[in-house]
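These are the residues of each chain, in order.
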Amino acid sequence: MQKQPFAQPPFASLVEDHKKVKGIIEQLLATSATAKKTRQDLLGTLKKELESHETLEEKLLYPALKQQKPTHDMALEAYQEHHVVDVLLDELESLDFQDEAWKAKLRVLQENLLHHIREEEEQLFPKAAKTLDEGQLNHIEQGIEQARR
Ligand SMILES: [Fe+2]
């Protein structure tokens, strides 16, 4: 059984993003190679969601985590995991929607993303909640809320 995601503020809204992104990928995986317009639209939505989510984490959360010993290495790893997902997304965009490799690439993107999300929800976020002080957590929460407005 999968562990419950760690979803206290300021992590709760990031966990909501994760759910949304996972849902879009499921929808994409259900498309057929002839559904060009649907693939295009869903991929556009996925890109928008991922970009805004990654920016929030990279600008507001990871810098604070990088400065703390218990979360330093995991934060560095998280940046790289985002990067891999971005590369796969770019490749997916330039690949012909009808190419037989398209869905295979999407599955690899999904695997990478699920791994990253699991590490965040089960390890990094709980560790961050313990490591950062209340002031830092409030600051991150406010930053996220402001950016979403
Ligand atoms: Fe992330």
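Overview of the structure. (Residues numbered from 1 in each chain as written. Predicted model: local features only at pLDDT ≥ 70, side-chain atom pairs only at ≥ 80, totals over all residues.)

### Quick look at the overall build of the protein
The cut-off we apply is this: Here a strand is any run of E in DSSP of at least two residues, a helix any run of H or I of at least four, and the numbering for each starts at the N terminus. Radius of gyration: C-alpha atoms only; globule rule: 2.2 Å multiplied by the number of residues to the exponent 0.38. Put simply, a residue is buried when 20 or more other C-beta atoms lie within 10 Å of its own C-beta and exposed when 12 or fewer do; between those, it is partly exposed, and each C-beta is set from the backbone. Any two residues are considered in contact once their C-beta atoms, placed from the backbone, lie within 7 Å.
Across its full length, the protein holds five helices and zero strands. Its helices and strands taken in sequence order, the protein reads α-α-α-α-α from the N to the C terminus. Scaling as 2.2 N^0.38, a compact globule of 149 residues should have a C-alpha radius of gyration of about 15 Å, and the protein matches this with 16 Å. Overall, the protein is about 50 × 30 × 30 Å in size when its C-alpha atoms are taken along their principal axes. Within the protein, the proportion of its 149 residues that are buried is 21%. Expressed as a percentage of contacts within the protein between residues at least 6 apart in sequence, the contacts between residues at least 24 apart total 69%.

### Brief notes about helix H4 (residues 101-131)
Formally: Under the convention used throughout, the expected extent of a helix is 1.5 Å for every residue step, that is, one less than its residue count. Given a residue, its bend is the angle between the two axes fitted to the seven residues that end at it and to the seven that start from it.
With 31 residues, H4 extends 42 Å between its outermost C-alpha atoms, agreeing within 8% with the 45 Å of an ideal straight helix rising 1.5 Å per residue. The axis of H4 is deflected most strongly, by about 45°, at Glu-120. By the burial criterion, the buried members of H4 are Leu-106, Leu-109, Leu-113, Glu-120, Glu-121, Leu-124, Phe-125 and Ala-128. Against the buried residues of H4 lie helix H1 (12-29), helix H2 (36-66) and helix H3 (69-94).

### Side note on H2
Maximal helix bending in H2 amounts to about 40°, located at Glu-58. For H2, the full list of buried residues reads Arg-39, Leu-43, Leu-46, Leu-50, Leu-56, Glu-57, Leu-61, Tyr-62 and Leu-65. Buried residues belonging to H2 abut H1, H3, H4 and helix H5 (134-148).

### So, the nonpolar core
Just so we agree on the cut-off: Buried Ala, Val, Leu, Ile, Met, Phe, Trp, Tyr and Cys residues form a nonpolar core when they are connected through C-beta atoms within 7 Å.
Membership of the largest hydrophobic core comes to 14 residues, with the highest contact counts inside it found for Tyr-62, Leu-65 and Ala-128. Those elements giving two or more residues to this core turn out to be H2, H3, H4 and H5. Per-element accounting of this core gives the leading share, four residues, to H2. Ignoring any residue separated from it by four or fewer positions in sequence, one finds Ala-128 in contact with Leu-65 and Thr-71. Core analysis: the next-biggest nonpolar cluster, separate from the first, contains nine residues, Leu-43, Leu-46, Leu-50 and Leu-109 among them.

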